[in-house]
Each structure stands twice: as C-alpha cells, then as structure tokens.
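Report on the structure
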Amino acid sequence: MKSALKTVIASMALLAAAASAQNITSERLLNTEAEPGNWLLYHGDYNGQRHSDLTQITPENVGELELQWIWQQRSAAGASQKFEATPLYVDGVLYTVGAPNDVVALDARTGRVFWTWSYTPDTEARVCCGRVNRGLAIHGDTLFMGAIDGHLMALDAASGRLKWDISIGDPSLGYALTVAPLIIDDKIIVGPAGGEYGIRGFIAAYDVETGNELWRFNTIPGPGEPGFETWADPEQEAWKIGGGSVWTTGTYDPELNLMYWGIGNPGPDWNGDSRPGDNLYTESVVALDPDTGKLAWHYQYTTHDEMDYDSTQVQVLADIEFNGQPRKVLMTANRNGVFYVLDRTDGEFLLAEPFVAVNWVDGWDANGRPNMVRAPSPEGTFIMPNNQGATNWYSPSFSPVTGLFYVPSWLDTYSVYTKSPDGVQYIPGQNYVGLYPTMAMPALSVRPVNQRLPEEGIGAIQAIDPQTGNIVWRHEMANVTDSGVLSTASNLVFAGGREGYFYALNAATGEELWRVMLGGAIANGPMSFEMDGKQYIAVAGGSGLFVYALPDE
C-alpha cells in the first residue's frame, strides 16, 4: 500500500512539475534542435523531417529493446477506429488523442493516466475515411485539437480543462478537422477535411488566446482571386464546391517565413467534366506567409485530377547540395506515385521521379507540368497507382545523416477508373465523387491482413536518393502499410505495417535489425523522446500506444 501511495504521489508531483515547466514559447518551437529529448511538434520539428537526434538506441543494441508500458484506448468508439495520432512529449508528459477526439495526458515513465478529456462530436459529423485524429499542438500551457465535427478547441495542459471552443465549418456539409494543428508564433493554423463532400477548402489562422480567426487562404479561389481562371466554366460555379481539403500538417521555414501545405483533391473526385481547367490549388503545394496568409508560390503536382491523388503528403524541408549547388529544397513523395524536389524559396521545379509503378504520366516539361496520358473514361481506364495512392497521410522521414528520404509505399497497385456518363450531382452533405474505381487492394480493407494476394500490391519502406530519385533500398512487408517513418541520428529507421509488425531497420542499408508484433495495424508516425537520460520509442498499434526502451543497466 505504501509503495502504491508513493507511486501516486510521485506521479502527481511529476505532473505538477511538468505543468509548471510547460511554457512552450515560440522560441522553444523554433529551436527544437536544442532539446532533442522533447517532441514538441507533430513532425518533431517545423521541417517535417521526422528525424530524432537521440543516439542511445543504436544498430548494435536495438535488438535489446523492451516494452516499458502500453496505454489502451478506453472508449469503444476509439478502439474501433484507426489510431493515427503521433504523441507530443513535453518535459515528462506524453499527450495524445484516442479516436475520434479523446485527449489524454500520460506519465511518460509509467503510462499512468494523469487526465483524460473526452469530446463527443456533433452527430452531423461526417468523414470519408475513418473517425480519426492525427494529433495535438501545444503553445504556452495550452493544447489545441481539431475535432471531426469541425470544432477547434484549446485545453489546459495541466488539467485538461476546456479554455475555448470554436467551429470552423458546418459538419453537416462535410467540414471536419482531422489534422494536427500547426503553431507559428501566436497563431494556430489548420484546414478542413471534406473534399469528398463538396466543401470549399481553406487554410486559416486563429489566435491562440481567443480562437478568433486572423486570416484565411481559400484553397479554391473565388472571383477576383489568383487561380480562379483555372476553374474555366464560371457558369457552373464548380469552385463553390471544389474540394481542396487539408488533412496533413504543414511545415515551416522560419528563415524564409514561409509555410508549406499540401492540398487535396478537387470535387467531384473521379469525373472532372463539371470543372474544366487545372483546378487550382487542388493537388498542389502552396507556400504561404504565416503572418498574412498571402500566397508566395505554388506548384501543382497533378493537373485537373480525376484519380483522387490528394497532395496533402508532408512537404519535407532540408538544406542539401543538389546538382553541385547548395539548395533550400522541399521534398515530397506524392500519392500520385512520384517523388519531387522543388526549390522552396520560389517553387522552382528540380526533379520528378516515380517511386512506384506509374502509368498516368510520361514526363514533365521544364516548368514541371506533367504530361498526363491516362484519365478515367466511360469504358474504364487501368491506372497505376491505385486510388489509395503510392503513399498517403503516413509521414515520411529524411535523415541528414544518410541524406536519404524514407517513404512508406504501396507498390504495384492499380485501379480501373470509369467515368459516370451522366456526370455527378451535388447534394449537400452527401458524397460528391462519381463512380468508385475498382481495385484489387481497397483503401480500407476489412479482410484479414494476411490474406493479401501478390497481384494486389505490396507494402514497403523505401529509401530514396533526393539527388536522383533512385531507390537505394526497399524493405518489403507482408501487407500494405499505413505507418509513418522515424529516422534517428544513430542510423536507424523505425516503421510498421498493417499486419501489425513494428520494425527497426538500418538506415543506410535497409537491413532488418529488430521486429515486434503489436497485434494491430500501425497507422501513425513513430516518435522518440528522452526522459532521465533514457531514450524511448513510442508507436501506436491497433488501439494501443506502445513505448519501448533499452533495459536498465
């Protein structure tokens, strides 16, 4: 009894000490490299590299990793959904979100729950691909979360008490928040999901203290806004229901004072007859001034998309030597199956190279415009990769140590896209998509994971050389993967897959060094933190959060 009481007292003391220390200033967020033991942002850093500078766990000792503790989602609603959130680690406390919108604060040493705050979304909430949440943001002593009914909320980090709650859009029309917010200075920046329901997408900034909207950038431009001319038939007013959703967190370059967001598909997804033109800024990266929301530049990965190749994938930033010259680059592995390198100062096109089997494009002009050679047709068109894409929301990683870009991939997948002959009718709050493509490997398969057939495609972690786009190594899995990737300064890569295995790989060669079965699909990005001089690896599998470390000496 005395031992249990001591544990409780110690845990409460830790929470009190952590809460008092948790003044997460803008300076701390700008200088995360100074405290590699913490994980203060969704990507770990503003650059989106998902790279940890911690080195205690190495290729030589990673095989000794031991499970420290597990936290299981309590609610039935959460346990039945994908666990896509990456935790934050702040001075001894892990903060995460159980689906759909249950926030929990955990003792990082033991997994003990400090507090839980549960939110019940509006029954009108609708999301295309699971009632999920990808994580939190923190600023000062406040946590921020978006909910699937389009609410953005602020919580006291010490107690879970609600500070404020605003709505960013009507959930009955498909406006939802699944993205982990991005904090820059005193602004929370988010954008709504809902491209499958005919929303008009946007990215907006809100005040951290009040929730008041500060600016808004429309990802589907209206009359008088640059890009409106790419919605070529104004009489149909397709721009009003043009999609352009956001559901993966952006990245930020403080030196350039530009942030980079990937934008989702136009609506309707698989029939573009009602929306002639390139349909900006769908399937694009937009570089925005975080102070004003003003567009600096954009690049469109897939013009007039009819394959649902959302371009919300993480726009990873790095300073590298490219073609013998130092460059500030933006790298991304796109859902359309192509790996891109751009100059992030002005969007100059530098490289495009497929990283899976691709047949919708056969080249790019000097400005990076794709020469698209396949599209949906009334008789059906065989297109690679499939509708799910070569990759998706799951985060890649870039290691400054190896210079390699690591991407979770779906290899050799395809869909047959058939264009609906009568067009697509918009009905508020209902799917606005067209005819669903047929494919061997569905995006949300309920079939047992180990019954995949070889012709359906396969999952892999691939290492790409950004200089050439060449695949350096490939680690194949028994099934496809929804896992993110973490690289470390000690030359390790951590990732998992739908079959439930969690891996440690040699970052230079791809050699498998360690694996463990978590008993459920891995659909989030692993992260690493340090507490009391000990390095930990955290990853969600199934409905649980698993934390590993080396044994005590």
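Residues numbered from 1 in each chain as written. Predicted model: local features only at pLDDT ≥ 70, side-chain atom pairs only at ≥ 80, totals over all residues. Heavy atoms only, no water.

Before going further, it helps to examine the side chain of Thr248. Checked against the element boundaries, Thr248 lands in the loop between strand 14 (213-218) and strand 15 (251-253). Among the polar contacts listed, one links the side chain of Thr248 to the backbone oxygen of Thr312, at a separation of 3.4 Å. Other than its neighbours up to four places away in sequence, Thr248 contacts Val179, Trp261, Thr312, Val314 and Trp393. (Helix = DSSP H or I, 4+ residues; strand = E, 2+ residues; numbered from the N terminus. Polar contact = N/O pair within 3.5 Å; in protein donor to acceptor, adjacent residues only side chain to side chain. Contact = heavy atoms within 4.5 Å.)

The biggest cluster of nonpolar side chains holds 93 residues, and the ones touching the most others in it are Leu94, Tyr95, Trp261 and Phe494. Apart from the residues lying within four places of it in its own chain, the contact partners of Leu94 are Trp69, Pro87, Leu88, Tyr89, Val104, Ala105, Leu106, Ala108, Met527, Phe529, Leu545 and Val547. (Core = buried A, V, L, I, M, F, W, Y, C linked by side-chain atoms within 4.5 Å. Buried < 20%, exposed > 50% of the residue type's maximum accessible area, 1.4 Å probe, protein only.)

Another aspect to go through is the pattern of salt bridges. Side-chain pairs of opposite charge can arise where the charged atoms are in close proximity. Taken as a whole, this structure holds 26 salt bridges when the rule is applied. Where Glu84 meets Lys82, a salt bridge forms, and the shortest distance between an N and an O atom there is 3.0 Å. Classification of Glu84 as buried rests on a relative accessible area of 1%. Across the pair Arg216 and Glu213 runs a salt bridge, and its minimum N-O distance is 3.0 Å. For Arg216, a relative accessible area of 39% corresponds to the partly exposed category. One salt-bridge network, held together by shared partners, links Asp253, Glu255, Asp319, Lys328 and Arg344. (Salt bridge = Lys/Arg side-chain N within 4 Å of Asp/Glu carboxyl O.)

Next up on the list: the sheet that holds strand 20 (residues 325-333). The strand order across the open sheet formed by 4 strands is 19-20-21-22, and the pairing between neighbours is antiparallel. Looking at strand neighbours, the two that pair on one side only are strand 19 (316-322) and strand 22 (349-354), the edges of this open sheet. Along the sheet, successive strands turn relative to each other by an average axial angle of 30°, direction set aside. Note that strand 19 and strand 20 share 7 bridges and pair antiparallel. Counted as the bridge partner of Val316 is Met331 from strand 20. (Pairing = 2+ DSSP bridges. Axes fitted to C-alpha atoms, helices over the stretch in contact; angles between N-to-C directions.)

Our focus in this paragraph is the environment of Glu353. Its place among the elements puts Glu353 in strand 22. Accessibility expressed as a relative area gives 31% for Glu353, which makes it partly exposed. Filtering out sequence-adjacent residues up to four positions away, Glu353 remains in contact with Gly337, Val338, Phe339, Thr468 and Gly469.

Of note, the amide linkage connecting Gly267 to Pro268 takes the cis form, showing an omega dihedral of 0°. Here Pro268 is to be found in the loop between strand 16 (258-262) and strand 17 (284-288). Phi angles above zero are rare outside glycine, and Asp91 is one such case at about 50°. You will see that Asp308, though not glycine, has its phi angle at about 65°, which is positive. Tracing the chain through its elements places Asp308 in the loop between strand 18 (295-300) and strand 19. For Asp308, a relative accessible area of 5% translates into the label buried.

It is worth stressing that arrangement in space is one thing and function is another; only the former is reported here.
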